[in-house]
Amino acid sequence: MKFLKPKKALCLFLSVIMGAVMMPISEISAATVLTDSKTGNEDGYDYELWKDSGNTTMTLLGNGAFSCEWSNINNALFRTGKKFDCTQTYKEIGNITCEYEVDYNPNGNSYLCLYGWTKEPLIEYYIVESWGNWRPPGTQSKGTITVDGEVYDIYTSTRVNQPSIIGNTTFEQYWSVRRNKSTTGTISVNKHFDEWEKKGMKMGKMYEAAFTVEGYQSSGKATVKKNKITIGGEYTDTPTQPTDPPKPVEPDKDGYYFHSTYESGTDSWTARGENNIATSSNVSFAGNQSLYVSGRTNAWNGAGYTLDTSVFRPGSTYSFGMAVMQNQIASEDFKLSLQYDLNGQTEYAAIAEGSASKGEWLTLTNTSYTIPAGASNLLLYVETLENLTNFYVDEAYGAPQGKDFAVKPNSKDGDVNHDGNVSIVDIIALQSYLLGKDTVVHTDTADLNKDGKLNAFDLAALKRYVLNLPVVEPEPEPTEPPTEPPTEAPPKIEGQWYNTADISWIDPNKPMVALSFDDGPVGIANTDPSIRIQNALANNGFHATFFYCINLWGRNLNSTLEQEILRAKDLGFEVANHTYSHPDLSKMDPAGIQKEINDCSTVLKRLTGQDAFLIRPPYLGLNDTVKANAGAPLITCAVDSQDWNKKTTQDMINQMTTKMNDGSLDNTIVLMHETYADTAAAVEYLAPYMKEKGWQIVTISEMFKVNNKVMYDGQVYTQAK
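Every value quoted in this text rests on a predicted model; they were computed, and no experiment measured them.

## Things to note about the environment of Cys600
And then number 1: Within the secondary structure, Cys600 sits in helix H10 (residues 590-608).
And then number 2: Cys600 sits 22 residues away from His578 along the chain, and the two C-alpha atoms are 7.5 Å apart.
And then number 3: Setting aside anything within four residues of it in sequence, one finds Cys600 in contact with Tyr548, Ile550, Asn577, His578, Thr579 and Tyr580.

Pasting the structure below:
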């Protein structure tokens, strides 16, 4: 072996060091990490991290691959792909395809998609392959397409004065949303564009096509292990001709082409028009959940399901059906219909109609409905004929001709109101019925001794079952039944709050908090903070207490605002009293205090049928006179969100998460207001976050009852510890 002399060895060492110094940075540096909004190009891929707030990290892994993580955000997009100069259409650019493989772990609302923009017209587009806890429905359904062997639902929506590639403006969004989630595969991008344009969805000149992870008011992480975007080759819009005719789709083992039970989500049903849809465990025809339709601004607003024309062929005959129920007015007329396109026109056809009494399930069925020949863009939907009543849908199906509605409804002894549960709510309903009040009960489940009559013996049996009272043999019933029903309600201890909250869904061993919201009602539009708050809570299976004011600083209660209160009750939230006109009660005399409280309670009782309501004094104004004249428990708070004092969404999130972590939030009452968008955004983040961390959001009455804490009239409460 030949040894180097010291001088030569030193020279070689220095040359190695200098060589390393002169190497390209990309060969020796760590991966590029972004934490704030930034664009650039690496390995031939244009990358961008965009966010409006929150914590984000994006790590570029080379060749279009990347990892990302987000939390406490409002909206954030992580993407790598190809940007263009807005001079060519997608047909002029050539075929665009994307091969992808992703480890995708969203917690809340998120999309995994091929994403981009065009100009002339300005379009933001999504080809969604997977999503978090919310499947994007868009605003208007445009039917279905099949690309790469998969069925996609097509939607459009309009964004008004929102961020875009040219600043805040109004623009259209186009959506292809895959029926079945996927985290690996190939996207034939141009084929989606072809199908969109056939549906009148005009594409402009290309700005970008990028594989994207988007988060909205959520947290999560993802690793895009493969993102190969290929551009080029001759363009053709001629569809590939199948070598064999498609085989007819067979129904499932139960005889259905689709059967929506809503046990694990909305089952691809979407809002039709301006309204809200969400799963609900309040009532169900069968199983444990139904689909709740609320916040409707027109009678035609309802819920819709896109029919796949490869299954439901125009010109052929099928069976359709569903169960519907409303619990607001004496009777409501419902219609199950089909919307479709034919000869360039949108047409509508009735499939089944019927009238549903309050609290009663109605089955809408047609076992022999023929879809018009030549129809396209088929949308099955349900609506009411005149009113804006909130309603429930369950057990919707499409099947071969002749299949009738065969689902058996929930029915068990003691379930007086047919909500699927036997609880103190059923005791109250049966008791009210026997006292002659206008209450709907179901004889099949209320007649516990099966003697064909509803009377005090059935009520006693129901109380024994629900309250675990000792069995006492009743006296034989006289030959002639009493002509008058019982007139006395169960005895109530003077001054004690009669807590009827149903706590069967609450785990007493898990931490909980009672969020409460003042100054409503606000409205029932999708964008109203009140509805955003209600949806965030309901979608995570939580309840809260809403303190309503009838005439807040000149805002008079009207039928639309009443709908919000009714919606809160239907979702299982607690309706409570915030006085009639929001005065400082501590500055009023006894007569004025009583009038403010009683006038509010009168309206709330008319709407909800309840007899008593918790009270939150406006401005938390309290003194001995207020306490002596309240006639119900007085609720203040242990935690004030200070949203009324211009606290931001992030301020509220930080306050709540800090108190969660230090243990001071458990079993406390939190004061918030349903009038602020920042508050709605905070709840939209906190509800799924707290659920993930094992917390429960409950009503004030629920929290006190589960902790065996009794409340008294005129006493002030901030927590249930």
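Next comes the rest of the write-up.
## Thoughts on the packing of helix H12 (residues 649-662) against helix H13 (residues 677-692)
Packed helices, taken two at a time, are described by the angle between their axes plus the distance between the axes.
And then number 1: Where H12 contacts H13, the axes come no closer than 8 Å and their chain directions differ by 35°. Note that H12 runs across H13; the crossing there is right-handed. Residues Thr649, Met652, Ile653, Met656, Thr657 and Met660 of H12 touch H13, and the partners they reach there are Asp678, Thr679, Ala681, Ala682, Tyr685, Leu686, Tyr689 and Met690.
And then number 2: Considering only residue class, the contact of H12 with H13 consists of 10 nonpolar, 3 polar and 1 charged.

## Brief notes about the sheet that holds strand E21 (residues 331-342)
And then number 1: With respect to topology, 5 strands assemble into an open sheet ordered E16-E19-E24-E21-E22, the strand pairing being antiparallel. The open sheet has two edge strands with one neighbour each: strand E16 (270-272) and strand E22 (345-357). Direction aside, neighbouring strands of the sheet carry axes that sit 30° apart on average.
And then number 2: In the sheet, strand E19 (residues 302-306) pairs with strand E24 (residues 376-384) via 4 bridges, with the strands oriented antiparallel. Among the inter-strand pairings, Tyr305 is bridged to a residue of E24, identified as Leu380.

## A word on the environment of Asp502
And then number 1: Along the chain, Asp502 falls in the loop between helix H7 (456-467) and strand E26 (512-520).
And then number 2: The exposure class of Asp502 is partly exposed, given its relative accessible area of 24%.
And then number 3: Once residues lying within four places of it in the same chain are set aside, the contact partners of Asp502 are Ser423, Val425 and Glu702.
And then number 4: Within the local environment of Asp502, its side chain forms a polar contact with the side chain of Ser504, the two groups lying 2.8 Å apart.

## A word on the nonpolar core
And then number 1: Counting 56 residues, the largest nonpolar core has Leu515, Phe517, Leu537, Leu665 and Met690 as its most contacted members.
And then number 2: By residue number, the principal contributor to this core is H13, which donates 8 residues.
And then number 3: Dropping the residues within four chain positions of it, Leu515 is found in contact with Ala544, Thr545, Met656, Val670, Met672, Ile697 and Val698.
And then number 4: Among the nonpolar cores identified, the runner-up in size contains 42 residues, and Leu112, Ile145, Ile187 and Ala222 belong to it.

## With respect to empty space enclosed by the protein
And then number 1: Applying the stated rule across the entire model yields 1 cavity of 30 Å³ or more.
And then number 2: Empty space within the largest cavity amounts to approximately 50 Å³.
And then number 3: Lining the largest cavity we find Glu42, Tyr45, Tyr47, Leu60, Gly62, Asn63, Gly64, Ala65 and Thr80.
And then number 4: Those elements giving two or more residues to the lining of the largest cavity turn out to be strand E3 (45-51) and strand E4 (55-62).
And then number 5: Residue classes in the lining of the largest cavity are distributed as 4 nonpolar, 4 polar and 1 charged.

## Section: unusual backbone geometry
And then number 1: Here the amide bond leading from Glu120 into Pro121 is cis, since omega sits at 5°, within 30 degrees of zero.
And then number 2: The omega torsion of the bond from Gly520 to Pro521 falls at 0°, within 30 degrees of zero and hence cis.
And then number 3: Among the structural elements, Pro521 can be located in the loop between E26 and helix H8 (529-539).
And then number 4: A positive phi is found at Thr579, a non-glycine position, where the angle reads about 75°.

## Considering the pairing of strand E33 (residues 669-673)
And then number 1: Across the 5 residues that make up E33, a large majority, 5, are buried.
And then number 2: Here E33 shows a buried face lined by Ile669, Leu671 and His673 and a second buried face lined by Val670 and Met672.
And then number 3: As judged from the 5 bridges shared by E26 and E33, these two strands associate in the parallel manner. Following the sheet pairing, Leu515 is matched in E33 by Val670.

## So, helix H4 (residues 189-198)
And then number 1: Those residues of H4 that sit buried are Val189, Asn190, His192, Phe193, Asp194 and Trp196.
And then number 2: Of the residues trailing H4, Gly200 is marked for its positive phi of about 85°.

## Looking at the pattern of salt bridges
And then number 1: Using the criterion set out here, one finds 21 salt bridges in the structure.
And then number 2: Linking Glu48 and Arg79 is a salt bridge whose minimum nitrogen-to-oxygen distance equals 2.9 Å. Separated by 31 residues along the polypeptide, Glu48 in strand E3 and Arg79 in strand E6 (residues 75-83) bring together distant segments of the chain.
And then number 3: Between Glu129 and Arg178 there is a salt bridge, with the nearest N and O atoms lying 3.1 Å from each other. Residue Glu129 is found in strand E8 (residues 123-131), and its partner Arg178 is found in strand E11 (residues 169-178); the two are separated by 49 residues along the sequence. No difference in accessibility class separates Glu129 from Arg178, as the two residues are buried.
And then number 4: Each of the salt bridges in this network shares a partner with another, and the network as a whole consists of Glu48, Arg79, Lys83 and Glu208.

## Looking at the packing of aromatic side chains
And then number 1: Summed over all chains, the structure comprises 32 aromatic pairs.
And then number 2: Here Tyr100 and Phe211 contribute two aromatic rings whose centre-to-centre distance is 5.1 Å and whose plane-to-plane angle is 25°, an arrangement assigned as stacked. With a gap of 111 residues between them, Tyr100 in strand E7 (residues 95-119) and Phe211 in strand E14 (residues 208-232) connect regions that are remote in the sequence.
And then number 3: Phe211 sits in the buried class, given a relative accessible area of 0%.
And then number 4: Aromatic side chains Phe193 and Trp196 sit 5.5 Å apart centroid to centroid with 45° between the ring planes, which places their arrangement in the tilted category. Of this pair, Phe193 and Trp196 both sit in helix H4, separated by 3 residues, roughly a single helical turn.
And then number 5: Look at Phe193 and you get buried, because its relative accessible area is 0%.
And then number 6: Ring pairs connect the aromatic residues Tyr257, Phe258, Trp269, Tyr305, Phe312, Tyr318, Phe320 and Tyr369, which therefore count as one cluster.
And then number 7: Between the NZ or CZ atom of Arg179 and the centre of the ring of Tyr305, over which it lies, the distance is 5.8 Å.
And then number 8: In this arrangement the basic side chain of Arg272 is found over the ring face of Tyr381, its NZ or CZ atom lying 3.6 Å from the centre.

Rules of the game
Residues numbered from 1 in each chain as written. Predicted model: local features only at pLDDT ≥ 70, side-chain atom pairs only at ≥ 80, totals over all residues. Heavy atoms only, no water. Helix = DSSP H or I, 4+ residues; strand = E, 2+ residues; numbered from the N terminus. Contact = heavy atoms within 4.5 Å. Axes fitted to C-alpha atoms, helices over the stretch in contact; angles between N-to-C directions. Left-handed = near helix turned anticlockwise from the far one by under 90°. Nonpolar A, V, L, I, M, F, W, Y, C, P; charged D, E, K, R; others polar. Pairing = 2+ DSSP bridges. Buried < 20%, exposed > 50% of the residue type's maximum accessible area, 1.4 Å probe, protein only. Polar contact = N/O pair within 3.5 Å; in protein donor to acceptor, adjacent residues only side chain to side chain. Core = buried A, V, L, I, M, F, W, Y, C linked by side-chain atoms within 4.5 Å. 1 Å grid on protein atoms, 1.4 Å probe; cavity = no way out; pocket = protein on both sides within 12 Å on 5 of 7 lines; lining within 4 Å. Points joined across faces, edges and corners; volume = space filled by probe spheres on them. Salt bridge = Lys/Arg side-chain N within 4 Å of Asp/Glu carboxyl O. Phe/Tyr/Trp six-rings, centres within 6.5 Å; stacked < 30°, edge-to-face > 60°. Lys NZ or Arg CZ within 6 Å of the ring centre and 35° of its normal.

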